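Descriptive analysis of the structure
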Amino acid sequence: MKVIYIIGLPGTGKTTLMKRFMKQYDWTPHRPIDLLDSHISGNIRVLGKYEEGETFSGTDRLSMAVSPRAVEFIQSKPDEVIIGEGDRLNNKTFLSACGEDLTIIHLEVDDETRERRYKERGSNQSEKFIQTVRTKVSNVIDAFGPKITLFGEEEGCVHSFKHETTEDTEKVLEFLNSIK
């Protein structure tokens with residue numbers, strides 16, 4: 001099992017990246033466990049719901065109660081590459097359950113780009129919600145990113161990418177395809 005999870009503030013392009021990744025394959029909707037909708041192609045599973053015309057996709061379209069079920073699924077160690085994005089499973093409990101098999105892709109954009117994207121998609125997420133996500137992302141980076149230990153610096157499993165242009169998307173896709 002290998003798990004790749006994409007995190008970032010709303011408007012950093014997580015769903016855009018995932019939809020671009022998914023264009024490379026033919027997908028079949030699949031629910032491996034109650035509440036955990038996904039799409040599968042060969043040994044690659046994308047967590048969440050992706051439907052044409054939906055602004056918000058991925059794990060953000062799953063039930064608020066999905067996290068314990070997702071942990072249960074991950075702990076069954078399926079022989080798959082599992083990829084997800086979004087706020088719903090962006091938490092230490094789910095990500096810790098992935099163990100050594102986890103790679104986190106952290107997308108970043110400048111505030112101007114993020115604000116423009118909010119307007120383009122008609123986003124009405126409150127500043128309080130955005131601050132909550134900012135805190136969750138920061139906590140995940142602190143928990144899973146690089147650390148200074150008695151033995152030196154440990155790399156961690158977080159890889160941060162600027163994601164403002166089409167070229168940036170291609171670079172992240174190249175990285176994603178190289179680790180899956």
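Everything quoted here is computed from the prediction, not taken from an experiment.

Conventions and cut-offs
- Residues numbered from 1 in each chain as written.
- Predicted model: local features only at pLDDT ≥ 70, side-chain atom pairs only at ≥ 80, totals over all residues.
- Heavy atoms only, no water.
- Helix = DSSP H or I, 4+ residues; strand = E, 2+ residues; numbered from the N terminus.
- Rg over C-alpha atoms; globule rule 2.2 N^0.38 Å.
- Buried < 20%, exposed > 50% of the residue type's maximum accessible area, 1.4 Å probe, protein only.
- Contact = heavy atoms within 4.5 Å.
- Areas by Shrake-Rupley, 256 points an atom, 1.4 Å probe, with all protein chains shown as cover.
- Lys, Arg positive; Asp, Glu negative; His and termini not counted.
- Charge placed at Lys NZ, Arg CZ, Asp CG, Glu CD.
- Phe/Tyr/Trp six-rings, centres within 6.5 Å; stacked < 30°, edge-to-face > 60°.
- Arc of directions from axis to C-beta.
- Polar contact = N/O pair within 3.5 Å; in protein donor to acceptor, adjacent residues only side chain to side chain.
- Salt bridge = Lys/Arg side-chain N within 4 Å of Asp/Glu carboxyl O.
- Pairing = 2+ DSSP bridges.
- Axes fitted to C-alpha atoms, helices over the stretch in contact; angles between N-to-C directions.
- Parallel < 35°, antiparallel > 145°, perpendicular 65-115°, else oblique.
- Left-handed = near helix turned anticlockwise from the far one by under 90°.

1. Some words on the overall build of the chain
Within the chain one finds six helices and nine strands. Radius of gyration (C-alpha) of the chain: 16 Å, near the 16 Å computed for a compact globule of 180 residues. Along the first, second and third principal axes, the C-alpha set of the chain runs to 45 × 40 × 30 Å. Of all 180 residues assigned to the chain, the portion counted as buried reaches 48%. In the chain, the proportion of contacts linking residues at least 24 apart, taken out of those at least 6 apart, comes to 70%. Only carbon and sulfur atoms are counted for the fraction: they give 48% of the accessible area of the chain, which is about 9,500 Å². Charge-centre separation for the chain: the mean point of 25 positive side chains lies 4 Å from the mean point of 30 negative side chains.

2. Brief notes about the packing of aromatic side chains
Here the structure, examined in full by the defined rule, presents five aromatic pairs. When the ring of Phe 21 is compared with that of Trp 27, the centres are 6.4 Å apart and the planes differ by 50 degrees; the resulting orientation is tilted. By relative accessible area, Trp 27 is classed as buried at 19%. Members of the aromatic cluster, each reached through a chain of ring pairs, are Phe 21, Tyr 25 and Trp 27.

3. A closer look at helix H4 (residues 111–121)
Within H4, the full set of buried residues consists of Thr 113, Arg 114, Arg 117 and Tyr 118. Along the long axis of H4, the arc covered by the buried residues comes to 140 degrees, so they all point the same way. Of the residues in H4, the exposed ones pointing more than 90 degrees away from the buried face are Glu 112, Lys 119 and Glu 120. Buried positions along H4 lie against helix H5 (127–144). The N-capping residue of H4, defined by a side-chain oxygen 3.1 Å from the backbone nitrogen of Glu 112, is Asp 110. Following H4 by one or two positions, Gly 122 adopts a phi angle in the positive range, close to 70 degrees.

4. A look at the pattern of salt bridges
Counted according to the given criterion, the structure contains 10 salt bridges. A salt bridge links Arg 61 to Glu 51, with the shortest nitrogen-to-oxygen separation between them at 3.2 Å. Placement of Arg 61 in the loop between strand S4 (44–47) and helix H2 (66–75) and of Glu 51 in the loop between S4 and H2 is noted, with a sequence separation of 10 residues between them. One network of salt bridges, in which partners are shared, links Arg 31, Asp 37 and Lys 49.

5. Quick notes on the sheet that holds strand S9 (residues 158–162)
With mixed pairing, the seven strands of this open sheet are ordered in space as S2-S3-S4-S5-S1-S6-S9. Of all strands in the sheet, those with a lone pairing partner are strand S2 (28–33) and S9, marking the two edges. Across the sheet, the axes of successive neighbouring strands diverge by a mean angle of 25 degrees, strand direction being ignored. Of the strand pairs in this sheet, strand S3 (residues 36–41) and S4 are connected by four bridges, and their pairing is antiparallel. Each residue of the ladder has a partner; that of Ser 38, found in S4, is Leu 47.

6. Section: the side chain of Thr 12
Following the sequence through the fold, Thr 12 ends up in the loop between strand S1 (2–7) and helix H1 (14–22). Within the local environment of Thr 12, its side chain forms a polar contact with the backbone oxygen of Leu 9, the two atoms lying 2.8 Å apart. When neighbours within four sequence positions are excluded, Thr 12 is seen to be in contact with Leu 107, Glu 108, Val 109, Arg 117 and His 163.

7. Some points on the packing of H1 against helix H6 (residues 166–179)
In the contact formed by H1 and H6, the axes pass within 10 Å of each other and the chain directions differ by 60 degrees. In this view, H1 runs oblique relative to H6, as classed from their interaxial angle. For the crossing formed where H1 meets H6, the hand is right-handed. On H6, the residues touching Leu 17, Arg 20 and Phe 21 of H1 are Thr 169, Glu 170, Val 172, Leu 173, Leu 176 and Asn 177.

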